[in-house]
Amino acid sequence: RISFELVKPGAKNVSVAGTFNEWRPEKCRLSASSDGRWAGELVLPPGRHEYLFVVDGQWLPDPKAKESVPNPYGGRNSVVLAS
């Protein structure tokens with residue numbers, strides 16, 4: 001299990017999209033708590049996975065990610081390792 005968490009007070013919708021779900025944010029919506037934290041857990045196959053958060057339609061890297069790689073759009077994708 002991999003936990004994803006993002007602090008975004010005021011956000012209306014937060015999802016995570018990546019190589020593990022064909023970059024489709026609608027497949028992995030996160031749940032909001034009253035303090036502005038959005039969180040969710042996914043079971044990912046072992047290996048290295050690239051991902052981004054999607055906050056109200058804006059694609060953002062994970063500020064807590066230990067690793068990131070360039071993406072073809074001039075930004076960076078966050079990386080998570082699942083075991």
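Structure shown above.
Treat the numbers as computed from the prediction; the structure is a model and nothing was measured.

Visitor: Provide a residue-level description of the pairing of strand β5 (residues 47-55), including the pertinent values.
Guide: Remark: a regular strand shows side chains that alternate across the two faces of the sheet. Relative to β5, strand β2 (residues 14-18) runs antiparallel, the two being bridged by 5 bridges. Bridge pairing in β5 places G18 opposite Y51. In this structure, β5 lies alongside strand β8 (residues 76-82), joined through 5 bridges in antiparallel fashion. Across the sheet, R48 pairs through a bridge with L81, a residue of β8. Bridge count between β5 and strand β6 (residues 58-60): 3 bridges; the pairing is antiparallel. When the sheet's bridge partners are listed, V55 is paired in β6 with Q58. Following β5, the chain reverses through 2 residues before pairing antiparallel with β6; D56 in that reversal takes a positive phi of roughly 50 degrees.

What counts and how
- Residues numbered from 1 in each chain as written.
- Predicted model: local features only at pLDDT ≥ 70, side-chain atom pairs only at ≥ 80, totals over all residues.
- Heavy atoms only, no water.
- Pairing = 2+ DSSP bridges.
- Helix = DSSP H or I, 4+ residues; strand = E, 2+ residues; numbered from the N terminus.

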